[in-house]
Amino acid sequence: MPSGAGEQQAKLKPLHWDKVNVQATDHSMVWDKITGGSFNLDEGIIEALFGTAAANRKPKSADSKDNSGDSSSSLGRSNTPEQIFLLEPRKSHNISIILRSLTVGRDEIIDALHDGHTELSTEVLEKLSRLSISKEEESTILKFSGNPDRLAPTEAFLLRLLLDVPNPFARVNALLFKVNYGAEVAQLKQSLRTLEMASQELRTKGLFFKLLEAVLKAGNRMNAGTARGNAQAFNLTALRKLSDVKSTDGSTTLLHFVVEQVVRSEGKRLAINRNYSLRRSGSLAKSGHEGGSSAAGSAGQGPSREERQNEYMNLGLPIVGGLSTEFANVKKAAMVDYDAVVSECAILGSRLADIKRLLETCSDDGFARGLRGFVKAAEQELKALRGDQESVLELVQRTTEYYHAGATKDKNAHPLKLFIVVRDFLGMVDQACVDIKRKLQQKKPPPSSSQPTIAAAPAAAVPAAAKEATDGQTAQAPKPQEEADSKRKRVMPRFPNLPAHFMKDSADSDSSSDEE
């Protein structure tokens, strides 16, 4: 570039970096693709933002004794003799930056605000909304009676805008509200729908009720003999404290104990239902014809109590571990901005009222005709939306009272505290299930320990079948025991043992009920 052209460029603030010599490399680099790129730098914006001339202009033009060269005299002419500023210089400069960043021309802006023929984008409207000036500044601009060509670019545009368009900034805000209205209403409807579905989830999920029952019974047992004992309900905020209550030996927590209880209960229920279904379908009919000696021979080869308990745990873990997925809307509701949901309808209605007042002052131009239809439809939609809002918020309050009577009377409590607590508790249950599964995997016995049990069942069945073929007798009395043995031979999982300190009494009762 010639040195003369370089001197005409505005001086900018420096960017300190280390240059890389791409000519000295023998391989391709990313810079090879950038050199001839299609990106064009906006010189006007970068000069306005990072130029040093703006900072030096005022002192150089004010100093009449400075005759250092043509550059300073040029800056002085651009500020005082040639351009007239009606606004504060910094504000005029900031507005000029916004105007230069617009993607539409000044004529299109005025046409859109006056006749409505041009559709302005949301980005343009948002930038124009930041041009708002005070009434005093508007009056100052409108009183200008000199040559408009001598005005600075910002003042020249504002003067034309104020002369050609009545209430231009109010019109900008009205158009911006119109383009954003659909998204704001959709967000409000989504929040209301989330709260409604979350309330239904908290009233219909039986497994969550079973968890609360387990916590209630465990808490009453631990608080027996105290004022906190014999409770019929508890504040759900206590759910967050379950992981803080350690066992005597410190090996587990009350949370893990409760979750294990429910996991075992669900696994046992699933196992019983599955085995009952197999018997009803006749899939074990073949084993019913085996000889009585087979039943007697295999009776001692069934799974042990520990194996049954581990089977229940492995069957129940996916059920309890998947509980949080059934509360997807509860977790979303915990993040809803309740204050925004409550006030959004009122805010939208207030802004619609402002637009209606604006339309009363407008002539029957294209701008007014385009907004009247929108205002009428929006008023009808907001009326229906207020009804939905009231019913959903009432449902939220009833759901809160469903879990904690009198909770809605606490003005300091968060209205969505129930959803927040349940979300946190579900996360704790998920982590507890992960810990329980990991513990089961770590305690899994080696395969050789269970191999004799698996091989013993068919070995005992072969001689029993041969004996039945020779003497033609069928064992009628041991048939239920024989079916149970056949069921065990089908399941025969190899599961690890539970820790010895967990539920010894309940394990004994489970064993006896299974034998029945």
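Every chain's residues receive numbers from 1 upward, in the order its sequence appears when written. It should be noted that, the model being predicted, local features are given only for residues of pLDDT at least 70 and side-chain atom pairs only at 80 or more, the latter also being counted only at that level, while totals for whole chains, interfaces and linings use all residues. Working from all heavy atoms in the structure, the side-chain values ignore hydrogens and water.

Trainee: Account for the overall build of the chain, naming residues and giving values.
Mentor: Secondary structure elements follow DSSP: runs of H or I of four or more residues count as helices, runs of E of two or more count as strands, with numbering from the N terminus. Broken down by element type, the chain carries 22 helices and 0 strands. Here the chain holds 516 residues, and the buried ones make up 35% of them. Nonlocal contacts in the chain, meaning residues at least 24 apart in sequence, comprise 80% of its contacts between residues at least 6 apart. Of the roughly 30500 Å² that the chain leaves accessible, carbon and sulfur atoms contribute 52%. Exposure categories follow from relative accessible area, calculated using a 1.4 Å probe and restricted to protein chains: below 20% of the type maximum is buried, above 50% is exposed, and the middle band is partly exposed. The contact criterion used is simple: two residues touch if any of their non-hydrogen atoms lie within 4.5 Å. Using a 1.4 Å probe, the Shrake-Rupley method yields the accessible areas, and only the shown protein chains count as cover for residues.

Trainee: Just give me the short version of the packing of helix 17 (residues 338-361) against helix 18 (residues 366-403), but keep the residues and values in it.
Mentor: Between helix 17 and helix 18, the least distance of the axes is 10 Å, while the angle of their chain directions is 155°. When the axes of helix 17 and helix 18 are compared, the pair comes out roughly antiparallel. With respect to the hand of their crossing, helix 17 and helix 18 are arranged in left-handed fashion. Ten residues, namely Ala, Val, Leu, Ile, Met, Phe, Trp, Tyr, Cys and Pro, are considered nonpolar, four, namely Asp, Glu, Lys and Arg, are considered charged, and the remaining ones, Gly among them, are considered polar. When the residues that make up the contact of helix 17 with helix 18 are grouped by side-chain class, the tally is 18 nonpolar, 2 polar and 4 charged. With axes taken as lines fitted to C-alpha atoms, and helix axes fitted only over the stretch in contact, angles between N-to-C directions fall between 0 and 180 degrees. Orientation labels follow simple angle bins: below 35 degrees gives roughly parallel, above 145 gives roughly antiparallel, 65 to 115 gives roughly perpendicular, and whatever is left gives oblique. In this scheme, a crossing is called left-handed if the near helix is turned counterclockwise away from the far one by less than a right angle; it is called right-handed if the turn is clockwise.

Trainee: Before we move on, can you summarise the environment of His114 with the specific residues and values?
Mentor: Among the structural elements, His114 can be located in helix 7 (residues 106-114). Between the alpha carbons of His114 and Val165 there is a distance of 5.8 Å; along the sequence they are 51 residues apart.

Trainee: Pulling in residues and values, what's your account of the confidence of the model for the chain?
Mentor: For the chain, per-residue confidence averages 75 on the pLDDT scale, and residues scoring 70 or more make up 65% of the total. Highest mean pLDDT in the chain belongs to helix 16 (residues 328-333) (95); lowest belongs to helix 20 (residues 451-471) (38). Per residue, pLDDT captures the predictor's confidence, and it can take any value from 0 to 100. The model gives residues 53-80 a pLDDT under 50, and that stretch makes 15 contacts with residues more than four places away or in other chains. Low pLDDT (under 50) marks residues 448-516, which in the prediction has 103 contacts with non-local residues, meaning those over four places away or in another chain.

Trainee: Which residues make up the nonpolar core, and what values do they have?
Mentor: For our purposes a nonpolar core is just a set of buried Ala, Val, Leu, Ile, Met, Phe, Trp, Tyr and Cys residues, chained together by side-chain atoms within 4.5 Å. With 97 residues, the main nonpolar core has Leu202, Val259 and Phe419 as its most contacted residues. Residues contacting Val259, with those up to four places away along its chain left out, are Val320, Val429, Ala432, Cys433 and Ile436.

Trainee: Lay out the pattern of salt bridges with the relevant residues and their values.
Mentor: For salt bridges, the criterion is a side-chain nitrogen of Lys or Arg within 4 Å of an Asp or Glu carboxyl oxygen. Under the criterion given, the structure shown has 17 salt bridges. As a salt-bridge pair, Arg160 and Asp107 come within 2.6 Å of each other at their nearest N and O atoms. Remark: Asp107 occurs in helix 7 and Arg160 occurs in helix 10 (residues 153-164); sequence separation between them is 53 residues. Residue Arg160 is classed as partly exposed on the basis of its relative accessible area, which comes to 36%. For Asp107, a relative accessible area of 51% translates into the label exposed. A salt bridge links Arg438 to Asp435, with the shortest nitrogen-to-oxygen separation between them at 3.2 Å. Of this pair, Arg438 and Asp435 both sit in helix 19 (residues 417-442), 3 residues apart, roughly one helical turn.

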